[in-house]
Amino acid sequence: MAGGAQDAGDGLEATGAAGAGPGTAPRVYARRWAFLLAVSLLSCSNAMLWLSFAPVADAMAQHFLLSMEQVNWLSLIYLVVSIPCGIAAIWVLDSVGLRWATILGAWLNFVGSALRALPCIAKTPRPFAFFMSGQSLCALAQTLVISSPAKLAALWFPEHQRATANMIASMSNPLGILVANVLSPALVKKGEDISRMLGVYVVPAGLACLLASTCLWESTPPTPPSAGAANSTSETFLRGLWLLLRNKAYVILAVCFGGGIGVFTSFSALLEQILCASGYSSGFSGLCGALFILFGILGALFLGLYVDRTKHFTEATKIGLCLASLACVAFALVSQLQGQALAVAGICSLFGLFGFAVAPVAMELAVECSFPVGEGAAAGLLFVLGQAEGVVLMVLLTALTRQYTEPSVSTCQHGEDPLDWTVSLLLMAGLCTLFTCIFVLFFHTPYRRLQAESGGPLPAASAEESTPGPKSLLEDHHSALPAQTRQ
């Protein structure tokens, strides 16, 4: 297995991984960190733009004479655009290249942020058209950004740094959500402050665009950092998608982890409405949302470092999903009780800690089980399916609510009767548990990329393999690793 990287005087780092190619020693380049910084900053900025309006929805509606439904659509447009355009973004990543995909995403993100600020500068008669146009461009950028971390980690980072690089780039997105939830209310005290808020959000988008346009020189390094990088995207786009759909292990991962993405999306979007119905303040809901994201980032950091050292992709994902499901069930029960602020905050923290931590590891696992299909297709299809499942789940959860028939302690200020979320929360917890059970019992795969990098032959295509029955985690992992890793 690859040895530790050492800095060289020419700015390169030798890795000594086996099997990079005949007569070619793998190398890693110091400028990979600039690429990682550009993708991470772009992802963080894009997430900030996504939810910048939500925390100040009332001020937006009053200042620009908009309805609350119009303000909500400024966030929902991300989900609507990501589903049909996600497939095109996969093609761009795997066919056009990571560099141009990142530059295109950065410019879409920057132009979208600038369009949002125009109504405050030019005093246009129809500000909503500019807001929606800008958000739509940012939503297009998201489809390119969200699938990039796995491909960036595979092409530029050695085997022992891939999970960590994927974690850093992936967790920049929830970090942006956290920043938006804190920054928007801090900047907007009255309607006139919205123009300042929109201007502030242009700055990180501009920095990401400048960094991507000037510091990214190529999509792939001159010498690949590993054998897996040398064989990246060895399948054509349409054939790659076909192989993914025939890969039983990948389909199980996509459906179950996509369902997890849907649960987390619904939880984030509906948290304030759920807690206010039980008498908790909007400030407390914001705190729970912040703890949910903050602990998730910390969990992803430690789990990424652990997986980089041990290669326990399957075990980490299964255990993380099990613990996240327990936290989801606990939230469904405790959130309906009054006066349990400490317990609710603790459960939200644990839900984020276990659930968010799994995301970058699952992306790496998708690449491992589908190699040599391109990383953009393997990770991007997970994202598209997760967004689609999120939309369906949000519709179901809101449709199953019912109005309270007796006096309630609701603190909701939406001008509507308080809603009972009991059935909806039980459905969310049940689906989360169902997806986890299916994944734990039926997901087994060899680590194809690691086997290729160890010089061993690739296993037979999973479409021709029968799905094995349940077996222990340790047996699964021992059989999945190449011989050098097991020693």
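Summing up its helical and strand segments, the protein chain has 19 helices and 5 strands in all. By the burial criterion, 55% of the 487 residues in the protein chain qualify as buried. Considering only residue pairs separated by 6 or more positions, the protein chain has 82% of its internal contacts joining residues 24 or more positions apart. Taken as a whole, the protein chain presents about 19,600 Å² of accessible surface, with 67% of it coming from carbon and sulfur.

Here we take up the packing of helix 11 (residues 248-276) against helix 12 (residues 282-310). Packing of helix 11 against helix 12 leaves a shortest axis separation of 8 Å and a crossing angle of 160°. Considering the angle they form, helix 11 stands roughly antiparallel to helix 12. Helix 11 and helix 12 meet at a crossing whose hand is right-handed. Contact residues: helix 11 offers Phe-264, Phe-267, Ser-268, Leu-271, Glu-272 and Leu-275, while helix 12 offers Ser-282, Phe-284, Ser-285, Cys-288, Gly-289 and Phe-292. Along the lines of polarity and charge, the residues of the contact of helix 11 with helix 12 split into 7 nonpolar, 4 polar and 1 charged.

A few words now on the packing of aromatic side chains. The tally for this structure, following the rule as stated, stands at 17 aromatic pairs. Look at Phe-53 and Phe-131: their rings are 5.6 Å apart centre to centre, the planes differ by 55°, and that puts the pair in the tilted class. Here Phe-131 lies in helix 5 (residues 127-145) and Phe-53 lies in the loop between helix 1 (32-50) and helix 2 (57-64), a separation of 78 residues in the sequence. Measuring from centroid to centroid gives 5.1 Å for Phe-292 and Phe-356, while their planes differ by 55°, and the two rings are tilted. Of this pair, Phe-292 sits in helix 12 while Phe-356 sits in helix 14 (residues 341-370), placing them 64 residues apart in sequence. When sorted by exposure, Phe-292 lands in the same class as Phe-356, which is buried. Three or more aromatic residues joined by ring pairs make a cluster, and in this case those are Phe-264, Phe-267, Phe-292, Phe-331, Phe-351 and Phe-356.

Now for the packing of helix 1 against helix 8 (residues 194-215). Where helix 1 meets helix 8, the axes come as close as 9 Å, and the angle between the chain directions of the two elements is 155°. Considered as vectors, helix 1 and helix 8 are oriented roughly antiparallel to each other. You can see that helix 1 and helix 8 cross each other, and the crossing is left-handed. On helix 8, the residues that touch Ala-34, Leu-37, Ala-38, Leu-41, Leu-42, Ser-45, Met-48 and Leu-49 of helix 1 are Tyr-201, Pro-204, Ala-205, Leu-207, Ala-208, Leu-211 and Ala-212. A class-by-class count of the residues in the contact of helix 1 with helix 8 yields 14 nonpolar, 1 polar and no charged.

Met-60 and Phe-331 are the most contacted members of the largest nonpolar core, which has 112 residues in total. Apart from residues lying up to four places away in sequence, Phe-331 is in contact with Phe-267, Leu-271, Ile-274, Leu-275, Val-344, Ile-347, Cys-348, Leu-425 and Met-428. Core analysis: the second largest hydrophobic core is formed by 29 residues, Val-39, Leu-108, Ala-208 and Ala-212 among them.

End to end, helix 5 covers 27 Å across 19 residues, agreeing with the expected 27 Å (1.5 Å per residue, within 8%). Those residues of helix 5 that sit buried are Pro-127, Phe-131, Met-132, Gly-134, Gln-135, Cys-138, Ala-139, Ala-141, Gln-142, Thr-143, Leu-144 and Val-145.

What follows is about the environment of Tyr-250. Structurally, the position occupied by Tyr-250 is in helix 11. With relative accessibility at 2%, the residue Tyr-250 sits in the buried group. Distance from Tyr-250 to His-444, taken between C-alpha atoms, is 9.6 Å for residues 194 residues apart in sequence. Residues within four places of Tyr-250 in sequence aside, it is in contact with Leu-244, Ala-366, Cys-369, Ser-370, Ala-377, Ala-378, Leu-381 and Leu-382. Within the local environment of Tyr-250, its side chain forms a polar contact with the backbone oxygen of Ala-378, the two atoms lying 2.6 Å apart.

Analysis parameters
- Residues numbered from 1 in each chain as written.
- Predicted model: local features only at pLDDT ≥ 70, side-chain atom pairs only at ≥ 80, totals over all residues.
- Heavy atoms only, no water.
- Helix = DSSP H or I, 4+ residues; strand = E, 2+ residues; numbered from the N terminus.
- Buried < 20%, exposed > 50% of the residue type's maximum accessible area, 1.4 Å probe, protein only.
- Contact = heavy atoms within 4.5 Å.
- Areas by Shrake-Rupley, 256 points an atom, 1.4 Å probe, with all protein chains shown as cover.
- Axes fitted to C-alpha atoms, helices over the stretch in contact; angles between N-to-C directions.
- Parallel < 35°, antiparallel > 145°, perpendicular 65-115°, else oblique.
- Left-handed = near helix turned anticlockwise from the far one by under 90°.
- Nonpolar A, V, L, I, M, F, W, Y, C, P; charged D, E, K, R; others polar.
- Phe/Tyr/Trp six-rings, centres within 6.5 Å; stacked < 30°, edge-to-face > 60°.
- Core = buried A, V, L, I, M, F, W, Y, C linked by side-chain atoms within 4.5 Å.
- Expected span 1.5 Å × (residues − 1).
- Polar contact = N/O pair within 3.5 Å; in protein donor to acceptor, adjacent residues only side chain to side chain.

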